[in-house]
Amino acid sequence: MIRDIFYRIPSPTIRALLPGLLLTAAGAFAFWRVLDHFLDRDDIYLLDQPALNWLASIREDWLTAVLTWITNAFGPGILPILVGVACAVWGKVSGGWRDPLLLVSAMAMSTVIAVVVKMIVARPRPAGSLQVIPRLEASYSFPSGHTAGAATLVLVAAYLLWRHRRNGRSLAWWLVASTGIIALVGGSRLYLGYHFVTDVLAGVCLGVVTLGVVVAASRRLDLRQRRAAAAPPPPA
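The structure displayed is predicted, hence computed values, not measured ones.

### A few points about the packing of aromatic side chains
Scanning all chains against the criterion turns up 6 aromatic pairs. Relative to Trp162, the ring of Tyr159 lies with its centre 6.2 Å away and its plane at 40°, an arrangement referred to as tilted. Within this pair, Tyr159 and its partner Trp162 are both found in helix α7 (residues 145-162), separated by 3 residues, close to a single helical turn. This pair shows no difference in class: Tyr159 is buried, exactly as Trp162 is. With a centroid separation of 4.9 Å and 90° between ring planes, the pair formed by Trp173 and Trp174 is classed as edge-to-face. When its relative accessible area of 54% is taken as the criterion, Trp173 is described as exposed. The class of Trp174 is partly exposed, set by a relative accessible area of 26%. By way of ring pairs, the aromatic residues Phe31, Phe38, Tyr45 and Phe142 are connected into one cluster. The aromatic ring of Phe38 is capped on one face by Arg41, whose charged end is 4.6 Å from the ring centroid. Over the aromatic face of Tyr191 sits the side chain of Arg59, whose NZ or CZ is 5.9 Å from the ring centroid.

In structure tokens form, the structure reads like this:
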């Protein structure tokens, strides 16, 4: 039924943009709700401190080492290099630069939004006594930049790869893999004591917002290419 309604929309441009716009709106609404819970000190916010206290009480040396490695891999010192190299190889191997550039742009957009929101909200980090390495993180806490970066990377990369092979099985596989990676990175930030639950959830929401922008941009470019291919050749 929803599919039928979608294809009744007369404007091809609106049909192209609508899925991305809906994703962006959903991510923005979820982000606003998480922020509202933090500002009002209710609902999800009430889990912030108890969750960190519990995770700090169950730490094991081996798990701390593994999750420290994971959180470092998705940090600002390593992730941009990995993404840059991967996108350069991707563009070289595929012979097309559109998708790699969309991914790089998405990562940059997500980072800028996260930094700006951090400065506006200005939420302090968890207490140093709960952090594995006290005062290691100097920036504000809300939202989690590591989680936002991980969510943006895996969601956008999954979509850009899936669009070349659209079927339900591959979509389900990408969703499961993306969810697992996001949960692992977000969980590492909580376990190591560098973020609260609401910080991590807000980071995921920013990833969804960025995914929506990329979906809209990618589908708009696809529509433009189809129109160009269908246009009659210029007269000789």
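### Some points on the nonpolar core
By size, the foremost hydrophobic cluster in this structure holds 36 residues, and its most contacted members are Phe74, Leu103, Leu153, Val156 and Leu160. The element contributing the most residues to this core is α7, with 10 residues. Once residues within four sequence positions are removed from consideration, Val156 is found in contact with Leu103, Ala106, Ala151, Leu211 and Val214. Grouped together as the second largest cluster of nonpolar side chains are 11 residues, Phe38, Ala114, Phe142 and Ala148 included.

About the thresholds
Residues numbered from 1 in each chain as written. Predicted model: local features only at pLDDT ≥ 70, side-chain atom pairs only at ≥ 80, totals over all residues. Heavy atoms only, no water. Phe/Tyr/Trp six-rings, centres within 6.5 Å; stacked < 30°, edge-to-face > 60°. Helix = DSSP H or I, 4+ residues; strand = E, 2+ residues; numbered from the N terminus. Buried < 20%, exposed > 50% of the residue type's maximum accessible area, 1.4 Å probe, protein only. Lys NZ or Arg CZ within 6 Å of the ring centre and 35° of its normal. Core = buried A, V, L, I, M, F, W, Y, C linked by side-chain atoms within 4.5 Å. Contact = heavy atoms within 4.5 Å.

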